[in-house]
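Overview (structure and organization)
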Amino acid sequence: MNQLGILLKYKLKMWSNIPKRRGRRGIPLFAYILILGGVFASIGVPAYFLFADTFKTYSTIVFSGVSLADLFVEISMIGILTLVLVTDTPAVALNVFMSDDVDFLLSLPISQSTIFASKTIETMLQGGFPALFVIPILVAYANAVNMPWYMIIFMFVMYIFYFLILTSISALIALGISKFASRSGTQRFMIFTSLIVYVFVILLMSMVGSLNSNTGNVERAFSSYVNTVNAPYLPSTWFLEALKMQWNGILLVVGTSVVLSVIAYLVASNGILTGFSKMISAGKRVTYRRNYRIRRPVMAFISKDVKLMRREPSILFLLVYPAIFPLILVGFGALGKGGSAVSRDIMIPVVSVFLSSMYTVIATASLVSIEIKVGDFVNTLPIGKRTPLWSKAFVITSAFALVMIVTFSILSVIFGNALFPIVTVLFSIPVLLTLSFFGVYATIKWPNSIGGIRRPLNTTGTLVSMVMGVLGAAFADLEGIYVANNQILSFLQPVLGFLLFFVAPILAEIVMAVVTFKLLAKVDWTKPYDLEN
Amino acid sequence: MTELVKVSNLRKDFGKITAVKSISFKINAGEIYGFLGPNGAGKTTTMRMITGVLVPTSGEVEICDLDLEKYPIKVKAQIGVVPDEPKLYENMTGQEFLEFIGSIFSMDKTEMTHTISELCDAFEVNFLDKFIGDYSHGMKQKLVLTSVLMRKPKVIFLDEATVGLDAKSAKILKMLLRKYADEGSAIFMTTHVLEIAEKMCDRIGIINAGEIIAEGTLTELRNESGKQSLEDIFLNLTGSNEEDVKEIIDNL
């Protein structure tokens with residue numbers, strides 16, 4: 001077997017060994033492929049039927065020689081382009097130029113180009129999975145335009161060339177990043193890329209939503225989007241032209257793909273050593289600030305946890321998500337136009353509280369896992385064992401409460417109704433505090449020793465955390481509805497409404513808090529993996 | 001002589017495995033105590049127990065006349081620990097880390113700034129503004145050393161502290177530890193570099209299979225074993241000798 005084959009074979013072996021490290025039986029590789037195939041089929045098959053009907057209708061609506069079905073395909077291609085460039089580029093930079101094993105691989109008699117190829121393929125295998133979800137769209141499109149079987153094969157060959165264009169651009173940008181960025185800087189950059197992708201997906205959903213509303217809308221929206229989406233310099237336009245057997249499209253897709261792949265392979269594979277060396281070194285010399293600030297020990301912990309929280313992309317993403325999700329919904333009118341004022345005023349805070357509650361558990365678990373990663377260090381400090389926990393619970397609760405306050409303030413300015421959001425935030429704070437402590441317990445009880453900070457809990461832990469988050473959010477929302485919007489409870493007797501929507505949730509919250517603290521008292525948060533073993 | 005560290009009948013079981021079998025030793029003020037042993041002998045487990053990181057199965061640890069089990073926080077305020085593998089907060093800068101440690105130990109700001117400046121000059125630390133995640137092993141080691149030495153703790157525990165340090169920094173560390181010991185600190189260090197132990201340590205304890213098999217000054221160990229170099233003494237006590245090693249080499 002050649003060297004590239006050996007490197008990829010052992011990478012696959014390492015992936016299939018992951019369950020063994022968790023103390024479970026090893027899962028054969030084909031089982032993973034079956035699971036992934038199942039996931040793909042469960043999403044891909046319904047998506048095919050959804051798009052097949054839509055495309056049949058939209059293939060008849062044509063504007064400037066481009067049908068609405070063509071436009072959908074182009075939008076999907078732009079989506080994949082954005083996804084690969086924005087998310088895979090930092091992933092390639094981290095995985096190719098900063099992966100722990102590159103240091104070791106470079107010491108072996110293996111060429112840089114082989115290492116580069118194996119690491120890029122490895123990254124694309126992990127990051128390229130979403131690209132598969134374009135397949136049902138393409139098949140639905142082929143069905144709608146009555147494409148013969150050989151053209152379907154041709155379409156997928158073109159799609160492979162298209163994906164190579166994206167991969168090559170991604171690799172070249174990653175090489176550029178490796179020449180000036182540091183490891184921590186690239187990791188932090190990933191949070192922004194995730195957000196961009198998220199906003200882009202919402203934007204696409206909104207675009208598709210507006211096209212779906214009614215025929216009048218479709219034509220108006222179509223005419224405004226067609227010139228933007230069908231721009232001649234976009235690879236997605238070349239792809240569409242290639243599908244229509246236009247030679248310029250085929251030549252541009254194949255030619256650009258081949259040229260960029262060769263350039264990327266030659267340039268990036270020869271630059272892996274210098275890129276790697278640059279990223280792991282400290283960079284330019286700087287003089288340190290001589291102004292130190294001494295705080296009280298507890299405040300020092302809080303300050304440290306705030307810094308770690310805002311610098312950890314995965315936690316920051318959890319924090320930003322409940323804020324931007326309702327704002328984007330409002331911005332694109334998904335709730336503003338469709339629902340009544342009451343449902344809009346209630347639904348947006350409710351959604352935000354549900355997201356905040358679920359993410360509070362995970363965010364706390366992530367912050368605790370940073371502390372666990374540091375190992376024995378905290379235990380050597382002259383502080384109480386619970387100080388780090390209170391600090392984390394305080395920081396996470398405050399952060400999520402602050403996010404909700406800011407989000408709801410903006411929404412109140414837009415819609416004018418501030419009472420329900422304010423009351424709901426107030427009722428949420430004790431719930432969030434309890435949930436953040438539950439997050440600590442979850443990290444100990446259901447740790448994911450190889451998941452790192454991004455996936456601190458195993459599957460059971462994640463599910464239990466979600467259930468707890470949903471319950472906590474339900475309690476806070478019920479109390480908020482009773483205090484601020486009890487007119488919608490007019491169908492209930494006043495006493496029953498008071499008991500069901502106010503007393504019962506408060507009692508349940510107290511029970512949840514007592515149980516959480518009792519559970520937490522039984523475990524040593526500094527030794528999560530002892531329990532796992 | 002003031003005994004700053006007193007360890008009595010310390011034992012640690014991990015399930016059915018006994019990692020440390022009832023060991024006892026003392027370290028006086030002004031003394032550098034070298035703790036040697038082959039891999040897996042129980043050095044790190046012992047150090048984790050006497051620094052309050054690992055709860056012993058039985059036995060007692062007293063540091064600065066304080067029972068570690070009863071007064072863990074008071075004890076930890078008196079000690080400094082340099083682990084063999086520095087694991088630190090990757091998303092903090094070196095400066096923020098020192099500020100955090102200074103706050104936890106309630107240090108005087110002026111004194112801390114002055115000491116940090118001196119230690120940074122000594123260890124050539126010029127990367128405090130960088131994130132710790134971008135540090136090499138040696139840089140992390142220098143940061144941990146700075147964070148411990150800036151406090152001048154009464155008792156310093158070092159686990160393979162010179163690993164990862166350049167020759168100059170290692171030399172400065174050795175001289176600084178001697179100076180701190182001469183000023184009244186007690187220093188407990190583990191090392192695999194027997195030359196360091198030979199040159200630096202006032203007393204040496206050798207642990208093997210969880211038991212202290214020899215303890216004393218270098219002269220005492222020499223007299224007891226009849227060997228001159230610490231390497232020969234160590235190999236002899238831990239069940240190997242020159243001939244065994246030579247046979248292994250010949251067979252390879």
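None of these values were measured; they are calculated from a predicted model.

Scanning chain B from N- to C-terminus turns up 10 helices and 10 strands. What you see for chain B is a C-alpha radius of gyration of 19 Å, in line with the 18 Å of a compact globule of 252 residues. Of all intrachain contacts in chain B linking residues separated by at least 6 positions in sequence, the fraction that spans at least 24 positions is 69%.

A few words on the overall build of chain A. Check the secondary structure of chain A and you find 19 helices and two strands. Residues counted as buried form 37% of the 533 residues belonging to chain A. Long-range contacts, defined as pairs at least 24 residues apart, comprise 79% of the intrachain contacts of chain A with a sequence gap of at least 6.

Turning our eyes to something else, we now look at the sheet that holds strand 4 (residues 58-63) of chain B. By way of backbone hydrogen bonds, the strands of a sheet pair with one another, either parallel or antiparallel. All names here are of chain B. The strand order across the open sheet built from four strands is 2-1-4-5, with neighbouring strands paired in antiparallel fashion. Strand pairing shows two members of the sheet lacking a second neighbour, strand 2 (17-28) and strand 5 (66-67), which therefore form its edges. Direction of pairing for strand 4 relative to strand 5: antiparallel, over a ladder of two bridges. Along strand 5, the bridge assignment pairs Glu62 with Asp67. Running over the sheet, helix 1 (residues 43-50) touches strand 1 (3-14), strand 2 and strand 4 and is turned about 120 degrees from strand 1.

Another point: the interface of chain A and chain B. The interface is formed by 32 residues belonging to chain A together with 38 residues belonging to chain B. Sorting the residues of the side of chain A that touches chain B by element identifies helix 8 (183-212), helix 12 (297-311) and helix 14 (341-373) of chain A as the ones contributing at least two each. Per-element accounting of the side of chain A that touches chain B gives the leading share, six residues, to helix 12 of chain A. Among the residues forming the side of chain A that touches chain B, the class breakdown is 14 nonpolar, six polar and 12 charged.

This brings us to the pairing of strand 3 (residues 32-36) of chain B. Residue and element names in this part refer to chain B. When you tally the buried positions in strand 3, you get five out of five residues, the bulk of the element. In strand 3, alternate side chains face the same way, and those of Ile32, Gly34 and Leu36 on one face and Tyr33 and Phe35 on the other are all buried. Note that strand 3 and strand 8 (residues 186-190) share four bridges and pair parallel. Among the inter-strand pairings, Ile32 is bridged to a residue of strand 8, identified as Ile187.

Turning our attention to the pairing of strand 4 of chain B. Working note: regular strand, side chains alternate between the two faces of the sheet. Pairing of strand 1 of chain B with strand 4 of chain B, which is carried by five bridges, proceeds in the antiparallel orientation. Of the residues in strand 4 of chain B, the one forming a bridge with Ser8 of chain B is Glu60 of chain B.

The next subject is the nonpolar core. Grouped together as the largest cluster of nonpolar side chains are 137 residues, with contacts concentrated most on Val5, Ile63, Val155, Phe157, Ile187 and Phe188 of chain B. Broken down by element, this core gets its largest block of residues, 15 residues, from helix 14 of chain A. With sequence-adjacent residues up to four places away left out, Phe188 of chain B is seen in contact with Val5, Ile27, Tyr33, Phe35 and Phe157 of chain B. Phe51, Ile80, Val134 and Leu166 of chain A belong to the second largest nonpolar core, which has 36 residues in total.

This part covers the packing of helix 8 (residues 218-225) of chain B against helix 9 (residues 230-237) of chain B. Residues and elements named next belong to chain B. For the pair helix 8 and helix 9, the least separation of the axes is 10 Å and the interaxial angle reads 55 degrees. With respect to helix 9, the axis of helix 8 lies oblique. By crossing handedness, the relation of helix 8 to helix 9 is classed as left-handed. The segment helix 8 lies against helix 9, with Leu218, Leu221, Arg222 and Ser225 engaging Leu230, Ile233, Asn236 and Leu237.

This part is about the sheet that holds strand 6 (residues 79-82) of chain B. Residue and element names in this part refer to chain B. Reading across from one edge, 6-7-8-3-9-10 is the order of the six strands in this open sheet, with mixed pairing throughout. Because the sheet does not close on itself, it has two edges, and the strands there are strand 6 and strand 10 (211-216). Strand-to-strand twist of the sheet, defined as the mean angle between neighbouring strand axes without regard to direction, takes the value 15 degrees. Note: strand 9 (residues 203-208) against strand 10, five bridges, orientation antiparallel. In the strand pairing of strand 10, Gly205 is matched with Glu215. The sheet strands contacting helix 6 (residues 167-182) are strand 3, strand 7 (155-159) and strand 8, and the helix crosses strand 8 at an angle near 145 degrees. Helix 8 rests against strand 9 and strand 10 of the sheet, and its axis sits at about 110 degrees to strand 10.

Take unusual backbone geometry next. Residue and element names in this part refer to chain B. Of note, the phi angle at Asn9 is positive, near 45 degrees, even though the residue is not glycine. Checked against the element boundaries, Asn9 lands in strand 1. Positive phi outside glycine occurs at Glu160, with the angle close to 50 degrees. As for its placement among the helices and strands, Glu160 is situated in the loop between strand 7 and helix 6.

Residue and element names in this part refer to chain A. One can find Gly255 in helix 11 (residues 247-280). Residue Gly255 is classed as exposed on the basis of its C-beta count, with 12 C-beta atoms lying within 10 Å. Considered as a pair, Gly255 and Phe161 are 94 residues apart in the sequence and their alpha carbons are 9.0 Å apart.

Turning to the confidence of the model for chain B, a few remarks are in order. Averaged over all residues, the pLDDT of chain B is 88; the fraction at 70 or higher stands at 100%. Of all helices and strands in chain B, the one with the weakest mean pLDDT is helix 10 (residues 242-251) of chain B (78), whereas strand 8 of chain B scores best (94).

This next bit is on the confidence of the model for chain A. Residue and element names in this part refer to chain A. Put simply, chain A has an average pLDDT of 78, and 75% of its residues get 70 or more. When mean pLDDT is compared element by element in chain A, helix 12 scores highest at 90, while helix 19 (residues 528-532) scores lowest at 45. Segment residues 334-339: pLDDT under 50, and 10 contacts once partners within four positions in sequence are set aside and those in other chains are kept. Residue range residues 528-533 is modelled with pLDDT below 50. Its contacts to residues more than four positions away, or to other chains, number 11 contacts.

Another point: the environment of Asp67 of chain B. All names here are of chain B. Here Asp67 lies in strand 5. For the pair formed by Asp67 and Lys6, sequence separation is 61 residues and the distance between their alpha carbons is 9.4 Å. Ignoring any residue separated from it by four or fewer positions in sequence, one finds Asp67 in contact with Glu60 and Glu62.

What counts and what doesn't
Sequence order as written defines residue numbering, which begins from 1 separately in each chain. Starting at A for chains and at 1 for ligands, labels are handed out in the order in which the entities are written. In view of the model being predicted, local features appear only for residues whose pLDDT reaches at least 70, and side-chain atom pairs are presented and counted only at 80 or more, with totals across whole chains, interfaces and linings using the full set of residues. A run of DSSP states H or I qualifies as a helix once it reaches four residues; a run of E qualifies as a strand once it reaches two. Both are numbered from the N-terminal end. Within these notes, the globule rule equals 2.2 Å times the number of residues to the 0.38 power, and the radius of gyration is based on C-alpha atoms. We call two residues in contact whenever the C-beta atoms placed from their backbones are within 7 Å. Any residue whose C-beta has 12 or fewer other C-beta atoms within 10 Å is treated as exposed, any with 20 or more as buried, and any in between as partly exposed, C-beta atoms being built from the backbone. Strand pairing follows a simple DSSP-based rule, namely that at least 2 bridges must link the two strands. Axis definition: a line fit to C-alpha positions, over the contact stretch in the case of helices; interaxial angles, taken between N-to-C directions, run 0 to 180 degrees. Under the convention adopted here, Pro, Cys and the residues Ala, Val, Leu, Ile, Met, Phe, Trp and Tyr are nonpolar, Asp, Glu, Lys and Arg are charged, and Gly plus all remaining residues are polar. In these notes, a nonpolar core means any group of buried Ala, Val, Leu, Ile, Met, Phe, Trp, Tyr and Cys residues linked to one another through C-beta atoms within 7 Å. For classification purposes, an angle smaller than 35 degrees is called roughly parallel, one larger than 145 roughly antiparallel, one from 65 to 115 roughly perpendicular, and anything else oblique. Each crossing is labelled by how the near helix is turned from the far one, with a counterclockwise turn of less than a right angle marking it left-handed and a clockwise turn marking it right-handed. Note on scores: pLDDT gives the predictor's confidence for each residue, bounded by 0 and 100.

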